[in-house]
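Observations on the model geometry
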Amino acid sequence: MIVPGLVAVIMSILAAMLTALTIAREWERGTMEQLAATPVHRLEVVIGKLIPYIGIGLFDVVVTTVVGLVVFQVPFRGNVVLLGVLTLLFLIGALGLGIFISAALKSQLLATQVALMATFLPALLLSGFMFSIASMPKALQLVTYFVPARYYVTVTKGIFLKGVGASVLWVDGVAMVIFAFVGLSLAILAFKKEIA
Amino acid sequence: MSGASLLRVREMVKKELRQLLRDPRTRAVIFVAPIIQLLLFGYAMNTDIRNTATFIVDHDQTSASRRLIDAFRATGYFDIVGRSDRPRDLVRALDKGDAMIGLEIPRGYSQSLTSGTGASVQIVIDGTESNSATVAQGYAQRIVQGLAIEYAAAAGRLPDGGIDLRTRAWYNPNLESRVYNVPAVVGVLILLMCLLLTALAVVREREFGTLDQLMVSPLTPSELMLSKTLPVALIALIDLVLISVIAVVWFDIPIRGSPPALLLAALLYILAGLSIGLLISTVSKTQQEAFMSMFLFLQPAIILSGFFYPISSMPRVFQWITILNPVRHFLEIVRAIFLKGEGIAALWPQYVALALIAAVVMRLAVVRFPRTMGM
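Attention in this report is confined to the structure presented alongside it.

Calculation criteria
Residues numbered from 1 in each chain as written. Chains lettered and ligands numbered in written order. Predicted model: local features only at pLDDT ≥ 70, side-chain atom pairs only at ≥ 80, totals over all residues. Heavy atoms only, no water. Helix = DSSP H or I, 4+ residues; strand = E, 2+ residues; numbered from the N terminus. Buried < 20%, exposed > 50% of the residue type's maximum accessible area, 1.4 Å probe, protein only. Contact = heavy atoms within 4.5 Å. Polar contact = N/O pair within 3.5 Å; in protein donor to acceptor, adjacent residues only side chain to side chain. Phe/Tyr/Trp six-rings, centres within 6.5 Å; stacked < 30°, edge-to-face > 60°. Lys NZ or Arg CZ within 6 Å of the ring centre and 35° of its normal. Salt bridge = Lys/Arg side-chain N within 4 Å of Asp/Glu carboxyl O. Buried area = accessible area lost by both parts, 1.4 Å probe. Nonpolar A, V, L, I, M, F, W, Y, C, P; charged D, E, K, R; others polar. 1 Å grid on protein atoms, 1.4 Å probe; cavity = no way out; pocket = protein on both sides within 12 Å on 5 of 7 lines; lining within 4 Å. Points joined across faces, edges and corners; volume = space filled by probe spheres on them.

A short note on the environment of Glu16(B)
Residues and elements named next belong to chain B. Mapped onto the secondary structure, Glu-16 falls in helix H1 (residues 3-21). Residue Glu-16 is classed as buried on the basis of its relative accessible area of 7%. Spatially, the C-alpha atoms of Glu-16 and Leu-200 are 13 Å apart, while their sequence positions differ by 184 residues. Not counting residues within four places of it along the chain, the set of residues in contact with Glu-16 comprises Glu-205, Ser-227, Lys-228 and Pro-231. Within the local environment of Glu-16, its side chain forms a polar contact with the side chain of Lys-228, the two groups lying 2.8 Å apart.

A short note on the packing of aromatic side chains
A full pass over the atoms with the stated rule returns seven aromatic pairs over all chains. Centre to centre, the rings of Phe90(A) and Phe179(A) are 6.1 Å apart; their planes meet at 40 degrees, and the pair counts as tilted. Of this pair, Phe90(A) sits in helix H5 (residues 80-105) while Phe179(A) is found in helix H9 (residues 166-195), placing the two residues 89 residues apart along the sequence. Comparing Phe90(A) with Phe179(A) shows no difference in burial state: the two are buried. Considering the side-chain rings of Tyr77(B) and Tyr139(B), the 3.8 Å spacing of their centres and the 5 degrees angle between planes classify their relative orientation as stacked. Of this pair, Tyr77(B) sits in the loop between helix H3 (63-74) and strand E2 (78-84) while Tyr139(B) sits in helix H6 (residues 130-154), and the two are 62 residues apart along the sequence. Overall, Tyr139(B) belongs to the buried group, its relative accessible area being 16%. Members of the aromatic cluster, connected to one another through ring pairs, are Phe90(A), Tyr152(A) and Phe179(A). Residue placement shows Lys106(A) over the ring face of Trp27(A); its charged tip is 4.5 Å from the ring centre. Lying across the ring of Tyr145(A), Arg150(A) places its NZ or CZ 4.4 Å from the centre.

Some thoughts on the pattern of salt bridges
Residues and elements named next belong to chain B. Tallied over the entire structure, the rule returns 13 salt bridges over all chains. Two residues, Lys-228 and Glu-205, come together in a salt bridge whose shortest N-O distance is 2.7 Å. You can see Lys-228 sitting in helix H10 (residues 221-250) and its partner Glu-205 sitting in helix H8 (residues 201-208), a full 23 residues away along the chain. Exposure class is identical for Lys-228 and Glu-205. Each is buried. What you see here is one network of salt bridges that share partners, running through Lys-15, Glu-16, Glu-205 and Lys-228.

Focus on the interface of chain B and chain A
Counting residues at the interface gives 52 residues for chain B, matched by 44 residues for chain A. Both faces combined, the contact of chain B with chain A buries some 4,400 Å², and carbon together with sulfur accounts for 69% of it. Of all residues in chain B, the largest losses of buried area upon contact with chain A belong to Thr128(B), Gln288(B) and Phe291(B), amounting jointly to 14% of the total for that side. Our count for the chain B to chain A interface comes out at one salt bridge. In this structure, Lys162(A) and Asp126(B) form a salt bridge, with 3.1 Å as the shortest nitrogen-oxygen distance. Linking chain B with chain A are three residue pairs in polar contact (both at pLDDT 80 or more), by the criterion used here. Within the residue set of the side of chain B that touches chain A, elements represented by two or more residues are helix H2 (24-44), helix H4 (87-96), H6, helix H7 (177-199), H8 and helix H12 (287-303) of chain B. It is H12(B) that provides the largest number of residues to the side of chain B that touches chain A, a total of 10 residues. The residue makeup of the side of chain B that touches chain A, split by class, is 26 nonpolar, 16 polar and 10 charged.

Quick word on empty space enclosed by the protein
According to the stated counting rule, one finds two cavities of 30 Å³ or more in the structure shown. Looking at the largest cavity, its volume works out to about 70 Å³. Looking at the lining of the largest cavity, the elements that each hand over two or more residues are H7, H10, helix H11 (259-283) and helix H14 (326-340) of chain B. With three residues, the single largest contributor to the lining of the largest cavity is H14(B). Within the lining of the largest cavity, the residues separate by chemical class into eight nonpolar, one polar and no charged. Reported here for the second largest cavity is a volume of approximately 40 Å³. Taken together, Leu121(A), Leu125(A), Phe41(B), Met45(B), Val185(B), Val188(B), Leu189(B) and Phe307(B) form the lining of the second largest cavity. For the lining of the second largest cavity, the secondary-structure elements that each account for two or more residues are helix H6 (108-125) of chain A together with H7 of chain B. Among the elements that make up the lining of the second largest cavity, the one with the highest residue count is H7(B) (three residues). Looking at side-chain class alone, the lining of the second largest cavity contains eight nonpolar, no polar and no charged residues.

And the structure:
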C-alpha cells in the first residue's frame, strides 16, 4: 500500500526539480537582463514559468496514478475530481517553492543542492510516507507541519485507499491552499527584488 | 605520473577547492546541511511505534474490559484518543486519521471470560500505513495473549508441558530501528553529496564556456578528471567523518567493528559515487539535464538499496538489479560493521562489488570524457 504515498513523494520532488533551475538558468546565461528589458510584468513571468510545469505535473500525476492502478492494482475508492483539485493546489505551491529557490540563489549548482535537500529527503522521510509521524519526537512532529508533502501524502492515501471525501480532507486542503499561497508569494517576492 | 603532471593537477585541485568553498552559501550546503539532515532524519527514521492513536469502543463496560484497556495503555505503545459505545465513531476516527487502531470489546466480554467459554475482542487497524500497522498489530496481539494467559493461570486452566517460545534479537537487543537506520542515513547523505558536487562539475564548465579555456590548457583529459574528483572525494570524506562522529556521539550508535574497515568501504563507495556523478556530467549537455539524470539514478538507488525495504522480499528481477547498486553494498557493509562488528573477512564480496562498480563506471566516464570536451 505504498503506491499512493509514492505518487505524492514523486510529485513533490518532480515539482521542485522542474522549476528549481528555471530562473537560475536565466541568470547564468545572461538572458535575465533581456527578460527584464521586456514589458513583461514580474507576476506574468512567474505565472508564465508556472503554467507549463503545471501541465507537465498534472500529466505526470495521471501517468503515475494509472500505472499504480493497472500495474500494482491499487484500489481507487475516492473522488477523482477532489484528487485533481488538491493536486493542482499542491503543484502550485511546490512549483512556486522551486521558483523561489531558483530566483533567490541565482546559481544552478546551489539551486540543485538546496532543492534536493529541501524537497527530496523531507518528502521521503518526514511526510509520513515511510515513518509514522505519531512516533516521531514532538519537536520533529512540528517540523513535519512545514513539509507540504505531508498533506499531500494524507490526501492521496485518503482518496485512494480509504475513499474519504472533502468532509475529512478539508484540513489538508486548507493547509495546501496556504502552502500554494506562500509558495507563489515567495516566488514573486524573490523575483521582484532582483529586477528592481 | 610525471612531475609536471602532478604540479598541474595540484594547481587545478587548489582552484577547484577554492571555487567550491569560496561561497559561504555553498560551504553551508556542504558542511552544515548534512549535519542538520542527519539529526532530523535520525529522529524521523523510526519504525518503532509509540503513542499510537487508539480508539476504544467498549460495549461491555466492566472491570474486566477496563483491565484490558489499561493493559493497552500501560505499555506506552498505545495512546487512547477517544472512547465511544458506537462502532460508527470508530469508523469515523479511522477515516479521519484521528486514530490508527481501534479496539472493540463486545458486550458480554467479562461474562464469557468467567464462564470459561473464552472471550473475543476485535482490533481494527488502519492498513494504509502498512509499516506501523504491522508493528501495532504485533503489540496488540501480544497484550491480548498475555492477558489471556494470566486469566487462564488464575483459573488454573493453564496447559502443562506446552511450548514456551523465547525470542532474542541479536546485535540489536531492543530492536531499536534507529540503530539500524542511522548508519544507512549516513550512507545516503554521502552519496547525495558526491553526486551533487560532481554531476554538475563538467557540464557547468561547458555552460559557462570555460571548458574551452581548459581545453587549451596543457591539462590532459585524465588530469582534468582527476582534479575534478579529488576535491570532492576530500569533501565527502570530511563529511563522512563529521556525520559518523555525530551518529556515534549523538545517537549512541555503537561501532562494534573496526574503523579502518569502515574507512576502506567509505573510500570505495565515495569513488563509486563520484564516478557515477562524473559519468552523468559527461553525458549531459546542460546542468538541468545533469540534475534530472542524477535524480533518475538517486531515487531507485535509495529504494532498491535495502534501506527501507528488505531486498529479500523484492521480486527476483529487482534483487538482481540491486547487485549493480553501490548503495546496497555500502549499506550492508556499514550495518554489519556498526552493529555486528564484522570485518573485511566476512564482507569481502561487498568490498569487491563496490570496487568493481567504481572501476567500471570510472572507466566509462574516462572514455566519454574526451568526447565531451570535443577532442
